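Residue-level listing of the chains:
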Amino acid sequence: MFPVFLGEQVPSETLAATLAELDVNLQVLEDKFLQDKAFLIGSHISLADLVAITELMHPVGGGCPVFEGRPKLAAWYHRVEAAVGKDLFREAHEVILKAKDSPPANLIMKQKLMPRVLAMIQ
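Here the structure is a predicted model, which means the values were calculated and not measured.

**Notes on the overall build of the protein chain**
Next up, step 1: Summing up its helical and strand segments, the protein chain has six helices and zero strands in all.
Next up, step 2: Reading the protein chain from its N end, one meets helices and strands in the order α-α-α-α-α-α.
Next up, step 3: Residues counted as buried form 30% of the 122 residues belonging to the protein chain.

Dropping the structure here:
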């Protein structure tokens, strides 16, 4: 999300590697944690679901179709959303989901954050 916030492009090699790693992690989430359960811990929503969904909403906010082509994960997403309440869920993720449509940070903020962001994405 930092490159989006700063109005910077991520190098294509970095983006490809990050998306490949995300795909592996999504598969692990489905296979090892979600398995055939309604939620990560069992039949009821837990803190684990809330933390995991929040992490997944970051790439969604950046325009990555995390749940596309993953019916098990998409169904889990909808169960979490329903358990939290659709309005509260949307409100909780509103800033993340609007990030890609926001103007980049101002020049002073960009200059302060850029060295840290570049260190993280390279």
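**As for the packing of aromatic side chains**
Next up, step 1: Enumeration over the complete set of coordinates arrives at two aromatic pairs.
Next up, step 2: Note on F67 and Y77: the rings are 4.6 Å apart at their centroids and 45° apart in plane angle, and the pair reads as tilted. Here Y77 lies in helix α4 (residues 71–84) and F67 lies in the loop between α3 (47–61) and α4, a separation of ten residues in the sequence. Neither residue differs from the other here; F67 and Y77 are each classed as buried.
Next up, step 3: Joined through ring pairs, the aromatic side chains of F67, Y77 and F89 make up one cluster.

**Remarks on α3**
Next up, step 1: Taking 1.5 Å per residue, 15 residues should reach 21 Å; α3 reaches 21 Å between its end C-alpha atoms and fits that length.
Next up, step 2: Its buried side turned inward, α3 meets α2 (12–34), α4 and α5 (86–98).
Next up, step 3: Positioned one or two residues after α3, G63 has a phi angle of 100°, which is positive.

**What to know about the nonpolar core**
Next up, step 1: Grouped together as the largest cluster of nonpolar side chains are 19 residues, with contacts concentrated most on I53, L56, V66, F67, L73 and W76.
Next up, step 2: The element contributing the most residues to this core is α4, with five residues.
Next up, step 3: Beyond its immediate sequence surroundings of up to four residues, L73 is in contact with L26, L29, E30, L34, L56, V66 and F67.

**What to know about the packing of α3 against α4**
Next up, step 1: Contact pair α3 / α4: the axes reach a minimum separation of 11 Å and the direction vectors enclose 115°. As α3 packs across α4, the resulting crossing turns out to be left-handed. Facing α3, whose interface residues are D49, L50, A52, I53, L56 and M57, α4 presents L73, W76, Y77, V80 and V84.

Quick notes on the rules
Residues numbered from 1 in each chain as written. Predicted model: local features only at pLDDT ≥ 70, side-chain atom pairs only at ≥ 80, totals over all residues. Heavy atoms only, no water. Helix = DSSP H or I, 4+ residues; strand = E, 2+ residues; numbered from the N terminus. Buried < 20%, exposed > 50% of the residue type's maximum accessible area, 1.4 Å probe, protein only. Phe/Tyr/Trp six-rings, centres within 6.5 Å; stacked < 30°, edge-to-face > 60°. Expected span 1.5 Å × (residues − 1). Contact = heavy atoms within 4.5 Å. Core = buried A, V, L, I, M, F, W, Y, C linked by side-chain atoms within 4.5 Å. Axes fitted to C-alpha atoms, helices over the stretch in contact; angles between N-to-C directions. Left-handed = near helix turned anticlockwise from the far one by under 90°.

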